[in-house]
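# Structure assessment
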Amino acid sequence: MDLAGVHGTSLEPLPLQMGDRAMPHDPATPQDSLAVNSWNEWDPLEEMIVGSADNASFEPTEPGSRPAIRNRPETPFPTGPKSQEAVDLANEELAGLADLLRSQGVTVRRPGPHDFSAPVRTPDFEVENQYCAVCPRDVMITMGNEIIEATMSRRARYFEYQPYRKLVYEYWNSDPRVGWTTAPKPSMADGMYREEFWDWPLEKRHERMHSFEFCVHQDEVVFDAADISRLGRDILVQESMTTNRAGVHWLKRHLEPRGFRVHAVHFPLDFFPSHIDCTFVPVRPGLILTNPDRPLREGEEAMFLRNDWELVDVPEPVLGNHEMPQYCQSSKWLSMNVLSISPTKVVVEEQEKPLQDLMAKLDFEVFTVPFRNVFEYGGSLHCATWDVRRRGTREDYFP
Ligand code: ARG
């Protein structure tokens, strides 16, 4: 990876207070104007990374993932690089989203090149190829003035932070108050995974639905960034196939001394949970879009209700699960993976008319872009982006 040129900015001695507790409350620090500043999912967007399908490969079968062709589970899932056509179609839609954001005054940046067809070999595992940089949301997260790189949970995604490193260096060099943390990398050795998980019959899943044990054991710290949702001082983290309790615990220990409150959340009817942004989607202070098939665990809605937040079920998606693109490993609920440009402006996939109508009724200005060809890569509008800067500060919405 070529990092030449990113070290060019001044390297003066750093002030001592880096990152921590004191910073966000220091009135002399206008952290609002830092290159990295984003405290929630909806504040007015200023700078965004939009993913890229360049050099994407099919996700390999590995202990943390059993990809299958939709409606044809007996046919082997393809391996190796995606077709140029599939890459071009997704890139065209990603470029369309980038154009829309630019037209709204947002600075758009893109990941750097990476060869996802290359195998990975570490002392603990080997995998035949990597995946893609379509979904920066899964890997990277902005926590106020700090960038965090997630541990990741799958072997093929172990090095997925690399396409973003050049950008991270640029932001990190731009101001000594910008923080950068990489979470501890798990081994991803065979013993980290519970492989039987994939073969559990449905009754066993029902039986076990309240234990929140999935394909990853609890010994090592594991989380994907997309299991996190930011609501100012309060941070939600979904326990899932891609985030375990040790991962939630690491986030708590890292973030709580910095003034955040971390809440583990659970959706017991989702038997294959991964990434919170098709399940529980905050769109402005006081309003969360919810998935009618995946209610929040009883009791966990208390903090929202106590503070008069509204939880609104989204309508049925336009495409059913069986109509989703054949290589897409995500569910029909990609429909609700909307992207906020501000608390009054939201981007919804072009064909999701029922959800567009709901958002309009809820007083949003609704923007649409076609995004169906990105679905094959497992994500929609929120997944395919990483917000680096939104205008605003850390608020306490749940006093
Ligand atoms: N597991 C989710 C579903 O199928 C998809 C989540 C996609 N989100 C993401 N950030 N890649 O409903």
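Worth saying up front: this structure is predicted, and the values here are computed from it rather than measured.

This paragraph deals with the overall build of the protein. Counting its regular elements, the protein contains six helices and 17 strands. Computed over its C-alpha atoms, the radius of gyration of the protein comes to 20 Å, within 12% of the 21 Å expected for a compact globule of 399 residues. Its C-alpha atoms give the protein principal-axis dimensions of about 60 × 50 × 40 Å. By the burial criterion, 45% of the 399 residues in the protein qualify as buried. When contacts within the protein are restricted to residue pairs at least 6 apart in sequence, long-range pairs at least 24 apart make up 74% of them.

Here we come to the nonpolar core. Ranked by internal contacts, the top residues of the largest apolar core, which has 97 residues, are V134, V338, V346, V347 and A384. If you tally residues by element for this core, the top one is helix α1 (residues 84-103), at six residues. Discounting chain neighbours no more than four positions away, the residues touching V338 are V281, V283, V346, V347, V348, L381 and H382.

This part covers the sheet that holds strand β5 (residues 140-143). Spatial ordering of the open sheet is given by β5-β6-β7, a layout of three strands whose pairing is mixed. The open sheet has two edge strands, β5 and β7 (179-182), and neither has a second partner. This sheet shows a mean twist of 20 degrees between the axes of neighbouring strands, independent of strand direction. Pairing analysis gives four bridges linking strand β6 (residues 146-149) to β7, with the strands arranged parallel. If you follow E146 over to β7, its bridge partner there is G179.

What follows covers the environment of M143. Note that M143 resides in strand β5. Overall, M143 belongs to the buried group, with 23 C-beta atoms counted inside 10 Å. Along the backbone, M143 and P285 are 142 residues apart, and their C-alpha atoms lie at a distance of 17 Å. Beyond its immediate chain neighbours, meaning those up to four positions away, M143 contacts I148 and L255.

For the rest of this paragraph, the subject is the pairing of strand β11 (residues 280-284). For β11, the tally of buried residues reaches four of five residues, placing the bulk of the element in the interior. Sheet analysis places β11 next to strand β12 (residues 287-290), joined by four bridges and oriented antiparallel. If you follow F280 over to β12, its bridge partner there is T290. Between β11 and β12, which pair antiparallel in sequence order, lie two residues; one of them, G286, sits at a positive phi of approximately 95 degrees.

We now examine the sheet that holds strand β17 (residues 385-390). Sheet architecture is open: three strands sit in the order β2-β1-β17, paired in mixed fashion. With one partner strand each, in any of the chains shown, β2 (107-109) and β17 form the two edges of the open sheet. Geometrically, the sheet is characterised by an average inter-axis angle of 20 degrees between neighbouring strands, direction not taken into account. Packing of α1 onto the sheet brings it into contact with β1 (45-50) and β2, and relative to β1 it is tilted by some 170 degrees.

As a matter of local geometry, the ligand sits amid 14 residues, with A226, H275, C278, S331 and C383 nearest to it. Tallied by class, the residues present in the shell around the ligand amount to five nonpolar, six polar and three charged.

This part is about the environment of E62. Within the secondary structure, E62 is located in the loop between β1 and α1. Expressed as a C-alpha distance, the spacing of E62 and R154, which sit 92 residues apart in the sequence, is 7.7 Å.

Averaged over every residue, the pLDDT of the protein is 93; the share at 70 or more is 92%. The low-confidence segment residues 1-28, where pLDDT is below 50, has 31 contacts with residues more than four positions distant or belonging to other chains. Two summary scores accompany this predicted model of the complex, namely pTM at 0.93 and ipTM at 0.96.

What helix α4 (residues 245-255) keeps buried is the set G247, V248, W250, L251 and L255. Taken around the axis of α4, the buried residues stretch over an arc of 160 degrees, which confines them to a single face. Elements that come into contact with the buried residues of α4 comprise β5, β9 (234-238) and β10 (261-265).

Criteria and cut-off values
Residues numbered from 1 in each chain as written. Predicted model: local features only at pLDDT ≥ 70, side-chain atom pairs only at ≥ 80, totals over all residues. Helix = DSSP H or I, 4+ residues; strand = E, 2+ residues; numbered from the N terminus. Rg over C-alpha atoms; globule rule 2.2 N^0.38 Å. Buried ≥ 20, exposed ≤ 12 C-beta atoms within 10 Å, placed from the backbone. Contact = placed C-beta atoms within 7 Å. Core = buried A, V, L, I, M, F, W, Y, C linked by C-beta atoms within 7 Å. Pairing = 2+ DSSP bridges. Axes fitted to C-alpha atoms, helices over the stretch in contact; angles between N-to-C directions. Near = placed C-beta within 6 Å. Nonpolar A, V, L, I, M, F, W, Y, C, P; charged D, E, K, R; others polar. pLDDT = per-residue confidence, 0-100. Arc of directions from axis to C-beta.

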